[in-house]
Amino acid sequence: MECRAGTPFYHMQASSGWGISAHGKDSMNRREIREQIFKMLFQTEFYEKEEIEEQMQISMEELSEKNEEKRAYIEKKVQEIYAHRDEIDAVINEKATGWKTNRMAKVDLALIRLAVYEIKYEADIPTGVAINEAVELAKAYSSDGAPSFVNGVLAKLV
């Protein structure tokens, strides 16, 4: 995925005007953007297909990020992941031995979908980064065994 003057999103630096910030600053860094995308994907699990677009719009309205390029990136990526959901789920179902997406914890599934999308459709995000970020988010948002589970499923993709 490319943003701003053809520069891949993953390689954006603070000098490009996107800023690197943590908590309390005006702009999200890459990790915070990925975390926001994960949260929006997780939310979609609780709504009917017909309600997803409206729920994503509500999430975008509540988003604290003010940078329009980042907002557009977040919205587009969530929409693209959702659009490829059937393909992504087929890959997950094929690789997750003994597990199907309909039996996975919703948090873990959202994280795995995000990482699978990044691995399959975003060449500018290294596979190791996609997996590591999913594992780190699993540590923060899921159960004790989730990081190992997420890592195990994603490791089968490489």
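For the structure itself, look to the data block above.
What counts as what
Residues numbered from 1 in each chain as written. Predicted model: local features only at pLDDT ≥ 70, side-chain atom pairs only at ≥ 80, totals over all residues. Heavy atoms only, no water. Core = buried A, V, L, I, M, F, W, Y, C linked by side-chain atoms within 4.5 Å. Buried < 20%, exposed > 50% of the residue type's maximum accessible area, 1.4 Å probe, protein only. Helix = DSSP H or I, 4+ residues; strand = E, 2+ residues; numbered from the N terminus. Contact = heavy atoms within 4.5 Å. Arc of directions from axis to C-beta. 1 Å grid on protein atoms, 1.4 Å probe; cavity = no way out; pocket = protein on both sides within 12 Å on 5 of 7 lines; lining within 4 Å. Points joined across faces, edges and corners; volume = space filled by probe spheres on them. Phe/Tyr/Trp six-rings, centres within 6.5 Å; stacked < 30°, edge-to-face > 60°. Lys NZ or Arg CZ within 6 Å of the ring centre and 35° of its normal.

**Quick notes on the nonpolar core**
- Residues Ile37, Ile74, Ile92, Ile112 and Leu154 are the most contacted members of the largest nonpolar core, which totals 39 residues.
- At nine residues, helix H5 (residues 106-121) tops the list of elements feeding residues into this core.
- Excluding residues that lie within four positions of it along the chain, Ile74 makes contacts with Met28, Ile33, Gln36, Ile37, Met40, Met60 and Leu63.

**What to know about helix H7 (residues 146-155)**
- Regarding H7, the residues found buried are Ala146, Pro147, Val150, Val153 and Leu154. One side of H7 carries all its buried residues, which in axial view fall inside an arc of 135 degrees.
- Buried residues along H7 sit against helix H4 (85-95), H5 and helix H6 (127-141).

**Let's talk about empty space enclosed by the protein**
- Considering all chains together, one arrives at one cavity of 30 Å³ or more under this definition.
- Each pocket or cavity is described by its volume, and for the largest cavity that value is around 40 Å³.
- For the largest cavity, the full set of lining residues is Leu41, Thr44, Glu45, Ile81, Tyr82, Arg85, Ala110 and Arg113.
- Taken together, the elements giving at least two residues each to the lining of the largest cavity come down to helix H1 (30-44), helix H3 (68-83) and H5.

**Side note on the packing of aromatic side chains**
- If you walk through the whole model with that rule in mind, you get five aromatic pairs.
- Taking 5.2 Å as the distance between ring centres and 55 degrees as the angle between the ring planes, the aromatic pair formed by Phe38 and Tyr141 counts as tilted. With a gap of 103 residues between them, Phe38 in helix H1 and Tyr141 in helix H6 connect regions that are remote in the sequence.
- Residue classification places Phe38 among the buried residues on the basis of a relative accessible area of 2%.
- The interplanar angle of 65 degrees and the centroid separation of 5.3 Å between the aromatic rings of Trp99 and Phe149 together place this pair among those described as edge-to-face. Here the residue Trp99 occupies a position in the loop between H4 and H5, and Phe149 occupies one in helix H7, the gap between them amounting to 50 residues.
- Ring-pair connections join several aromatic residues into one group, and the members of that group are Phe38, Phe42, Phe46 and Tyr141.
- The ring of Trp99 carries the charged tip of Arg103 above its face, separated from the ring centre by 4.8 Å.
- Its end group placed over the ring of Phe46, Lys106 keeps NZ or CZ at 5.8 Å from the ring centre.

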